[in-house]
Amino acid sequence: MTIYLIRHGKTQANLQHLYCGSTDLALSDQGREELKQLHYALENVKFITSGMLRTEQTLEILFGPVPHTQEPGFREVDFGAFEMQSYEKLKDDPAYQVWLTGDNEANVPPQGESGLQMRQRVLEAFSRVEEDTVIIAHGGVIAAIMEHLFPEEGKNRYQWQPKPGHGYALSQGRYWPIPDQGK
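These numbers were taken from a predicted model, which means no experiment stands behind them.

This part takes up the pattern of salt bridges. One pass over the structure, following the stated rule, counts 9 salt bridges. A salt bridge links Arg121 to Glu113; its shortest N-O distance comes to 2.5 Å. The exposure class of Arg121 is partly exposed, given its relative accessible area of 22%. The network of salt bridges with common partners includes Glu105, Arg119, Glu147 and Arg157.

Written as C-alpha cells, this is what we have:
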C-alpha cells in the first residue's frame, strides 16, 4: 500500500503569515497558479481531502473532478482565539505568551485545540486508510503523521511540513518526496 500526503496550495493566510487552521479559506491566486505548474502521475488511487475549501480546490487543480471522500479528521489544528492572527499582532497578548511557553504540543490556545489533540484526531483518521490513497491535507496534519511514523528522524512539526502543493509518499516503512512530473 502507498499513501500520498499532499499539502494544499497557498492561501492568503499563508502569504500573510497568519495562524490558520479552522478557518475555511479558499486558495489564493498565487496558490492556484503554483498548483497549475505541478503534475503528479498517480493512478488507481483513492482520494481523500479534509473537506476544507483549500483542500477541495487543491484536489480539483491537481487531479481534476475525481471522486473522493472528505475526512474531517484530517483538518488542521484549531488555533481558537489566535485564528487568523499574526505573531506581530499577538506577541504582547498574555494568553498568547502562555500558549507559546512550555510544552507547545500540550498547550491549548483559548477556545482551540492542542497539537496533541490534533495529532490524536489525525492518527485515528489515518489508521482507517487501507488502500493506495492520496490525502490532500494541511501542513500540520502531514507533520503529525510524519512525526508519528518516523520519530527516529528527530524532526519537529515545522521541519516535516512540505511546501504547498508538495508532499510525501509512504510505503513499507519508508518515505520519499512525491515526484512532480511537471506540465
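The computed volume of the largest pocket comes to approximately 540 Å³. Forming the walls of the largest pocket are 24 residues, and the residues nearest its centre are Arg7, Asn14, Leu18, Cys20 and Gln161. Here the lining of the largest pocket takes 3 residues from helix 1 (residues 12–16), the largest share from any one element. Taken together, the residues that form the lining of the largest pocket break down as 10 nonpolar, 9 polar and 5 charged. Taken as a whole, the second largest pocket encloses approximately 250 Å³ of empty space. The wall of the second largest pocket is formed by 17 residues, among which Trp99, Asn104, Glu105, Arg157 and Tyr158 lie closest to the centre. If you list the elements that add at least two residues to the lining of the second largest pocket, you get helix 5 (94–100) and helix 8 (157–160).

On to the side chain of Ser28, then. You can see Ser28 is positioned in the loop between helix 1 and helix 2 (29–36). Among residues more than four places away in sequence, those in contact with Ser28 are Lys10, Thr11, Gln12 and Leu15.

Its location among the elements puts Gln111 in the loop between helix 5 and helix 6 (115–126). Accessibility expressed as a relative area gives 67% for Gln111, which makes it exposed. Considering only alpha carbons, one finds Gln111 and His39, 72 residues apart in sequence, at a separation of 39 Å. Apart from residues lying up to four places away in sequence, Gln111 is in contact with Asp78, Gly80 and Ala81.

Here we take up the pairing of strand 1 (residues 3–7). Where a strand is regular, its side chains alternate between the two sheet faces. Buried residues dominate strand 1, accounting for 5 of its 5 residues. By the alternation rule, side chains of strand 1 split into Ile3, Leu5 and Arg7 and Tyr4 and Ile6, which are all buried. Note: strand 1 against strand 4 (residues 133–137), 5 bridges, orientation parallel. Across the sheet, residue Tyr4 finds its bridge partner in strand 4, namely Val134.

In this structure, strand 2 (residues 46–49) lies alongside strand 4, joined through 4 bridges in parallel fashion. By the bridge assignment, Thr49 is partnered in strand 4 with Ile136. By the bridge criterion, 2 bridges tie strand 2 to strand 3 (residues 69–70) in an arrangement that is parallel. Considered in strand 3, the bridge of Thr49 is made with Gln70. Assessed by its sense of winding, the connection that carries the chain from strand 2 through helix 3 (residues 53–63) to strand 3 is right-handed.

Strand order in this open sheet of 6 strands is 3-2-4-1-5-6, and the pairing throughout is mixed. Single-partner strands in this sheet number two, and they are strand 3 and strand 6 (174–177). Most of the contacts of helix 3 go to strand 4, to which it runs at about 130°, and overall it touches strand 1, strand 2, strand 3 and strand 4.

How each quantity is defined
- Residues numbered from 1 in each chain as written.
- Predicted model: local features only at pLDDT ≥ 70, side-chain atom pairs only at ≥ 80, totals over all residues.
- Heavy atoms only, no water.
- Salt bridge = Lys/Arg side-chain N within 4 Å of Asp/Glu carboxyl O.
- Buried < 20%, exposed > 50% of the residue type's maximum accessible area, 1.4 Å probe, protein only.
- 1 Å grid on protein atoms, 1.4 Å probe; cavity = no way out; pocket = protein on both sides within 12 Å on 5 of 7 lines; lining within 4 Å.
- Points joined across faces, edges and corners; volume = space filled by probe spheres on them.
- Helix = DSSP H or I, 4+ residues; strand = E, 2+ residues; numbered from the N terminus.
- Nonpolar A, V, L, I, M, F, W, Y, C, P; charged D, E, K, R; others polar.
- Contact = heavy atoms within 4.5 Å.
- Pairing = 2+ DSSP bridges.
- Right-handed = clockwise from strand over helix to strand, strands pointing away.
- Axes fitted to C-alpha atoms, helices over the stretch in contact; angles between N-to-C directions.

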